[in-house]
Amino acid sequence: MLTLIKDIHLRTAAIICLVLNVIIFAAAYVSFAENTDLLVIHFDSYNGIDFLGTRINVLEFLIVSLVINIVNFSLATAFYYRERFLSRLLAYFSVFFSLLILISTAVIISIN
């Protein structure tokens, strides 16, 4: 855990992921807090609406993405002394993954 604080690359990636996750959860809460209807989770241009869900399904999607980020940062701290390149790659992949989740959440918000 100290390597996450000590290394500048891991620290900036962790801060960026934390900020992105707070933004994602805040946007989802503001958009879906009072919504009790079904939400469009996936839309295909050929077939139309593929998957409908409730706000709990959106929350589960966001929690799974948060768990994936936590696992990536745990692996990054575990591999830090063995392979720093792999550790930093995992950390920056977490940032990229959080950006993708932000985009997908924005799409779900804009569709609904």
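Computed from a predicted structure; not experimentally measured.

1. Points about helix α3 (residues 55-78)
Between its terminal C-alpha atoms α3 stretches 35 Å, which fits the 34 Å expected from 24 residues at 1.5 Å a residue. Along α3, the residues classified as buried are Val58, Leu62, Ser65, Asn69, Asn72, Phe73, Ala76 and Thr77.

2. A short note on the packing of aromatic side chains
Scanning the entire structure with this criterion turns up two aromatic pairs. With a centroid separation of 5.2 Å and 80° between ring planes, the pair formed by Tyr80 and Tyr81 is classed as edge-to-face. Aromatic pair Phe93 and Phe97: ring centres 6.3 Å apart, planes at 25°, arrangement stacked. Taken as a pair, Phe93 and Phe97 lie in helix α4 (residues 84-111) at a separation of four residues, close to a single helical turn. For Phe93, a relative accessible area of 40% translates into the label partly exposed. Given the relative accessible area of 17%, Phe97 is considered buried.

3. Focus on the nonpolar core
In terms of nonpolar packing, the biggest core is built from 11 residues, these being Leu4, Leu10, Ala13, Ala14, Cys17, Phe73, Ala76, Tyr80, Leu90, Ala91 and Val95. If you list the elements that add at least two residues to this core, you get α2 (8-32), α3 and α4. At four residues, the largest contribution of residues to this core is made by α2. If you look at the next biggest cluster of nonpolar residues, it comprises nine residues, including Ala28, Leu62, Phe97 and Ile108.

4. Description of the pairing of strand β1 (residues 39-44)
Note that β1 and strand β2 (residues 48-53) share five bridges and pair antiparallel. Note on β2: the bridge partner recorded for Phe43 is Ile49. Hairpin remark: β1 followed by β2, antiparallel, with three residues in the connecting loop.

Definitions and cut-offs
Residues numbered from 1 in each chain as written. Predicted model: local features only at pLDDT ≥ 70, side-chain atom pairs only at ≥ 80, totals over all residues. Heavy atoms only, no water. Helix = DSSP H or I, 4+ residues; strand = E, 2+ residues; numbered from the N terminus. Expected span 1.5 Å × (residues − 1). Buried < 20%, exposed > 50% of the residue type's maximum accessible area, 1.4 Å probe, protein only. Phe/Tyr/Trp six-rings, centres within 6.5 Å; stacked < 30°, edge-to-face > 60°. Core = buried A, V, L, I, M, F, W, Y, C linked by side-chain atoms within 4.5 Å. Pairing = 2+ DSSP bridges.

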